[in-house]
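Architecture at a glance
Given next are the chains, with one letter for each unit.
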Amino acid sequence: LSLYGVGVRKKGPIKVYSVGMYADDSAKSSIASLPKNKNALTTLRKSLKSSKATTSFLLKMNFKVGAEKMADAIAESVDPRTSDKGAVDSLKKLIIDGVAAKGAATPGTILQFDCLSDKSVRVSVDGKAVGSASGLSEAFCEVFLDDNGV
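Report follows, based on the coordinates.

1. Quick word on the packing of helix α3 (residues 67–78) against helix α5 (residues 137–145)
Running from amino to carboxyl end, α3 crosses α5 at an angle of 100 degrees, the nearest separation of the two axes being 9 Å. What the angle tells us is that α3 and α5 run roughly perpendicular. For the pair α3 and α5, contact is made by I74, S77 and V78 and by A139, F140 and V143, respectively. In terms of residue class, the contact of α3 with α5 is made up of five nonpolar, one polar and no charged.

2. Examining unusual backbone geometry
What is expected of a backbone is that most residues other than glycine have negative phi and most peptide bonds are trans. Despite not being glycine, K119 has its phi angle at roughly 75 degrees, a positive value. Looking at where K119 falls in the secondary structure, it is placed in the loop between β6 (110–115) and β7 (121–125). Under the relative-accessibility criterion, K119 is labelled partly exposed at 42%. Phi is positive for D126, close to 50 degrees, though the residue is something other than glycine. Mapped onto the secondary structure, D126 falls in the loop between β7 and β8 (128–133).

About the cut-offs
- Residues numbered from 1 in each chain as written.
- Predicted model: local features only at pLDDT ≥ 70, side-chain atom pairs only at ≥ 80, totals over all residues.
- Heavy atoms only, no water.
- Axes fitted to C-alpha atoms, helices over the stretch in contact; angles between N-to-C directions.
- Helix = DSSP H or I, 4+ residues; strand = E, 2+ residues; numbered from the N terminus.
- Parallel < 35°, antiparallel > 145°, perpendicular 65-115°, else oblique.
- Contact = heavy atoms within 4.5 Å.
- Nonpolar A, V, L, I, M, F, W, Y, C, P; charged D, E, K, R; others polar.
- Buried < 20%, exposed > 50% of the residue type's maximum accessible area, 1.4 Å probe, protein only.

Purely spatial values, then, with no claim about function.
Have a look at this one:
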């Protein structure tokens, strides 16, 4: 997978985590000639939606956040982008289980979310697979790629 973009999630002046988006090279051709603006983001979003490839988001913590708080924040971002509230609850539980195993999401903790072609989101914490939440790949990608992205 290739790195497509990076960003930082801030809460006030605090940099909570950095995020990198990774996808296969198939989407690059659709945006290669576009200027770096919202049109490129819209084209990338459409290209990734139609692709069967995995899109991954790697979050690296810069600030200590408890398991419940981290899961709540991500679930609150995904929730308005889907009607499947059960899947959002499943995602939240996976994050809690993965992060709670180490006590909290401390600086350096890496949360990986793989948006898969079967529409599920696979969750890993520090390289250890936690599980998958079905039906959320599009909603999860939109958290970072839509016009209201975090």
